[in-house]
Amino acid sequence: MKRMILVTSPPACGKTYISKQLAKNLRHVVYLDKDTLIPLSKQIFRVARKPYDRSSDFFEENIRDYEYDVILDLAFEALRYDDTVLINAPFTREIRDKDYIDGLRGKLKALGAKLVVIWVVTDPLVCRERMLRRNSDRDTYKINHWDEYIKTVDFSIPSHLDDPAVKDDLILFYNSSEAEYVKSMHDVLELFEDD
């Protein structure tokens, strides 16, 4: 069966590294990263003569949801030609919105595909350390306003996505240490190989 894998979590949990390693090890997979759209988003800020700030109201109103729409449209298109699409993106709000997820599952069912969510579980302090190390402009606001920012981020596992009758609809990937990463990568790949 075809599948769309969403590798999701709050920022700096390790989604990109995990997603790329999974994509390298899975067969017949199309890898999509929402960050690939950032140059387009930066151009929108420039044209609108707005400071580049992905935490701004301007971003929320004019860019954020469109990035998700585009990455999903690319994924739906790819599923017409291959078995697995893996999307690396936070889906922070969407993952907790039952109607959104049900709608996504419906669209995938029409393509003969199912939804698999890999939720990356990482300690918030580890995320902060990773943001400091990667030194990216997308994290500037978060680092400079950490106490305020961290109150807005939900690190809890989206357990509502887990249907006990389905073995791989919600997969937890623990990633606060190298040992957790190695074990989780092994377990996830083994699960997909058994499919």
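Residues numbered from 1 in each chain as written. Predicted model: local features only at pLDDT ≥ 70, side-chain atom pairs only at ≥ 80, totals over all residues. Heavy atoms only, no water.

A. The arrangement of the environment of Leu111 in detail. Inspection of the secondary structure puts Leu111 in the loop between helix 4 (98-110) and strand 4 (113-121). In sequence terms Leu111 and Phe76 are 35 residues apart; their C-alpha atoms lie 7.8 Å from each other. Leu111 has contacts with Lys2, Phe76 and Arg80, leaving out every residue within four places of it along the chain. (Helix = DSSP H or I, 4+ residues; strand = E, 2+ residues; numbered from the N terminus. Contact = heavy atoms within 4.5 Å.)

B. The nonpolar core, seen in detail. Of all hydrophobic cores here, the largest spans 26 residues; its most connected members are Met4 and Ile87. Residue assignment for this core shows that the elements contributing at least two residues are strand 1 (2-8), helix 3 (57-79), strand 3 (84-88), helix 4 and strand 4. Discounting chain neighbours no more than four positions away, the residues touching Met4 are Leu72, Ala75, Phe76, Leu79, Val85, Ile87, Leu104, Leu108, Lys114, Leu115 and Val116. One finds Ala12, Met131, Ile171 and Leu189 within the second-largest nonpolar core, a separate group that totals 25 residues. (Core = buried A, V, L, I, M, F, W, Y, C linked by side-chain atoms within 4.5 Å. Buried < 20%, exposed > 50% of the residue type's maximum accessible area, 1.4 Å probe, protein only.)

C. How the structure looks around the pairing of strand 4. Strand 4 sits mainly inside the fold: eight of its nine residues count as buried. Note: strand 1 against strand 4, seven bridges, orientation parallel. Of the residues in strand 4, the one forming a bridge with Thr8 is Trp119. Here five bridges tie strand 4 to strand 5 (residues 170-174), and the two strands are oriented parallel to one another. Paired with Trp119 across the bridge in strand 5 is Leu172. (Pairing = 2+ DSSP bridges.)

D. Region of interest: the sheet that holds strand 4. In space, the five strands of this open sheet follow the order 2-3-1-4-5, with parallel pairing throughout. Every other strand in the sheet has two partners, leaving strand 2 (29-33) and strand 5 as the edge strands with one partner each. Within the sheet, the average angular offset between the axes of one strand and its neighbour, ignoring direction, is 20°. Strands strand 1 and strand 4 of the sheet are contacted by helix 4, whose axis makes an angle of about 135° with strand 4. Against the sheet, helix 8 (residues 178-193) touches strand 1, strand 4 and strand 5, its axis set at about 155° to strand 5. (Axes fitted to C-alpha atoms, helices over the stretch in contact; angles between N-to-C directions.)

E. Molecular detail of the environment of Ile38. With respect to the element layout, Ile38 can be found in helix 2 (residues 38-47). Classification of Ile38 as buried rests on a relative accessible area of 12%. For the pair formed by Ile38 and Glu67, sequence separation is 29 residues and the distance between their alpha carbons is 8.6 Å. Setting aside residues no more than four positions away along its own chain, Ile38 makes contact with Tyr52 and Arg54.

F. Representation of helix 3. Over its 23 residues, helix 3 extends 33 Å from the first C-alpha to the last, a length consistent with the 33 Å expected when each residue adds 1.5 Å. Ile63 marks where helix 3 bends most, by close to 40°. (Expected span 1.5 Å × (residues − 1). Bend = angle between axes of the 7 residues up to and from the residue.)

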